[in-house]
Amino acid sequence: QAAAPLHPVAVQCQEAQVVVTVHRDLFGTGRLVRAADLTLGADACLPVAQSVAESMVTFVAGLHECGSTLQMTPDSLIYKTSLSYKPTPSGNVVIIRTNAAVVPIECHYPRKSNVSSNAVRPTWVPFRSTLSAEERLMFSLRLMNDDWSTERLSNGFQLGESLHLQADVASGNHVPLRLFVDDCVATLSPDRNSSPRYALIDLSGCLVDGRSDDTTSAFISPRPRQETLQFMVDAFKFAGDDRNLIYITCHLKVSPADQAPNPLNKACSFNKASSLWAPVEGTGDICSCCETGNCLLYG
């Protein structure tokens, strides 16, 4: 809807960019804010246009620009950014008369349809049929709230808390599938091969973080459904590093649901009470290589 004093911020989610139009009467008081005090995103991008006559300010940014973040759900791609207003004193005045404000902005795009431009109009076969024929699978890995009912709104944790991680696959009309987490590694940068790095899950589905003396990390058993796997990891930080952002990269895979789990397709947790590895499903012997480290010999 158009930007006006009653609705001072308007957002257009276009194919590859977001257009944000801001009415300078941001608080509806008749007192116009300064355009120089308005920025977009974590990178504090500046407006591209300002209409003095209409008291409007316009931002245009690519979906990946200005420090935006991308969140994936089974059905949607969600690009998140925010409009920030930070009032600064004008001239030599040491006071300000308005509050700072942050307006969250989201653009939602479906994952399961052709969201390309209208120029692509194949006549020989529907786009959805093409996807089905190629048997593409859609994987997601999400932080969930404590009862697993919804996705967690914040990705911030205190040491002593537990991360609830849920991996899913949406397979459409495919044969029934069972999802596994092959490995997960934590790093301080998006590059999973960077150093330092810490393996949470390794050896084709062994939750090795649960082997440590001071953790309760484990897979959740039973599964809510075959195409979902849930696991908990105790919050941690890298020793000797004050950065508070950690990247967790996981490799997900599937096998036919009617195929029995094996040393290469398994989800095993370490049970401290029995000092044994136990699988979410399958026989206990498939986890024995979690202790010996030779799981790949079964390949």
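Remember, predicted model here, so these are calculated numbers, not experimental data.

This brings us to unusual backbone geometry. Omega for the bond connecting S195 with P196 falls within 30 degrees of zero, at 0 degrees, which places this linkage in the cis form. In this structure, P196 sits in the loop between β11 (177-187) and β12 (197-201). Look at the link from S221 to P222: it is a cis peptide, with omega at 0 degrees. Relative to the helices and strands, P222 is located in the loop between β13 (218-219) and β14 (228-234). One non-glycine residue with positive phi stands out, namely S204, at about 60 degrees. Counting through the fold element by element, S204 comes out in the loop between β12 and β13. The buried category is assigned to S204, whose relative accessible area is 8%. Notably, S275 is not glycine yet its phi reads approximately 60 degrees, a positive angle. For S275, the position within the fold is in the loop between β16 (268-271) and β17 (276-279).

Our focus in this paragraph is the sheet that holds strand β10 (residues 162-170). Sheets are built from strands paired through backbone hydrogen bonds, the pairs being either parallel or antiparallel. One open sheet accounts for 4 strands, arranged β9-β10-β14-β13; its pairing is antiparallel. Only two strands of the sheet have a single partner each, and these edge strands are β9 (138-144) and β13. Pairing of β9 with β10 involves 7 bridges; the strand directions are antiparallel. From the neighbouring strand, R142 faces β10, where its bridge partner is Q166.

Attention now moves to the packing of aromatic side chains. Per the stated rule, a full pass over the model turns up 6 aromatic pairs. Ring geometry for F27 and Y85: centres 5.9 Å apart, planes at 65 degrees, overall edge-to-face. Of this pair, F27 sits in the loop between β2 (17-23) and β3 (38-40) while Y85 is found in strand β7 (residues 76-85), placing the two residues 58 residues apart along the sequence. The rings of Y198, F236 and F238 are connected pair by pair, giving a single aromatic cluster. Note that R152 overlies the ring of F157, its terminal NZ or CZ placed 3.9 Å from the centroid. The aromatic ring of F180 is capped on one face by R223, whose charged end is 5.2 Å from the ring centroid.

Okay, the confidence of the model for the chain next. A residue-level look at the chain finds 87% of positions with pLDDT of 70 or above and a mean pLDDT of 86. Mean pLDDT across the elements of the chain bottoms out in helix α1 (residues 127-134) (50) and peaks in β13 (98).

Judged by nonpolar contacts, the single largest core of 20 residues is most densely connected at V181, C184, I201, F219, L229 and F231. Here this core gets 4 residues from one element, more than from any other, and that element is β10. Contacts of C184, omitting those with residues within four sequence positions, involve Y198, A199, L200, I201, F231, T249 and C250. Among the nonpolar cores identified, the runner-up in size contains 19 residues, and C66, Y79, Y85 and I105 belong to it.

Burial of β14 is extensive: 6 of the 7 residues sit out of reach of the surface. Pairing geometry for β10 and β14, over 7 bridges, is antiparallel. Counted as the bridge partner of D168 is T228 from β14. Summarising the sheet, β13 and β14 pair through 2 bridges and their orientation is antiparallel. By the bridge assignment for β14, A218 is matched with M232.

This next bit is on the state of the cysteines. According to the stated counting rule, one finds 6 disulfides in the structure shown. Between the sulfur of C13 and that of C107 lies a disulfide, 2.1 Å long from S to S. As the torsion about the S-S bond is roughly -85 degrees, the C13-C107 disulfide counts as left-handed. Linking C13 in strand β1 (residues 9-13) with C107 in strand β8 (residues 101-110), this pair joins segments that are 94 residues apart in sequence.

Here we come to the sheet that holds β1. Taking strand neighbours across the sheet as the criterion, the 4 strands line up as β1-β2-β5-β4 in an open arrangement whose pairing is antiparallel. Both outer strands of the open sheet, β1 and β4 (49-51), are each paired with one neighbouring strand and no more. Adjacent strand axes in the sheet meet at a mean angle of 15 degrees, parallel and antiparallel pairs treated alike. For β1 and β2, the ladder comprises 5 bridges, and the chain directions are antiparallel. Its bridge partner lying in β2, V9 is registered against V22.

Scoring rules and cut-offs
Residues numbered from 1 in each chain as written. Predicted model: local features only at pLDDT ≥ 70, side-chain atom pairs only at ≥ 80, totals over all residues. Heavy atoms only, no water. Helix = DSSP H or I, 4+ residues; strand = E, 2+ residues; numbered from the N terminus. Buried < 20%, exposed > 50% of the residue type's maximum accessible area, 1.4 Å probe, protein only. Pairing = 2+ DSSP bridges. Phe/Tyr/Trp six-rings, centres within 6.5 Å; stacked < 30°, edge-to-face > 60°. Lys NZ or Arg CZ within 6 Å of the ring centre and 35° of its normal. pLDDT = per-residue confidence, 0-100. Core = buried A, V, L, I, M, F, W, Y, C linked by side-chain atoms within 4.5 Å. Contact = heavy atoms within 4.5 Å. Disulfide = S-S within 2.5 Å. Axes fitted to C-alpha atoms, helices over the stretch in contact; angles between N-to-C directions.

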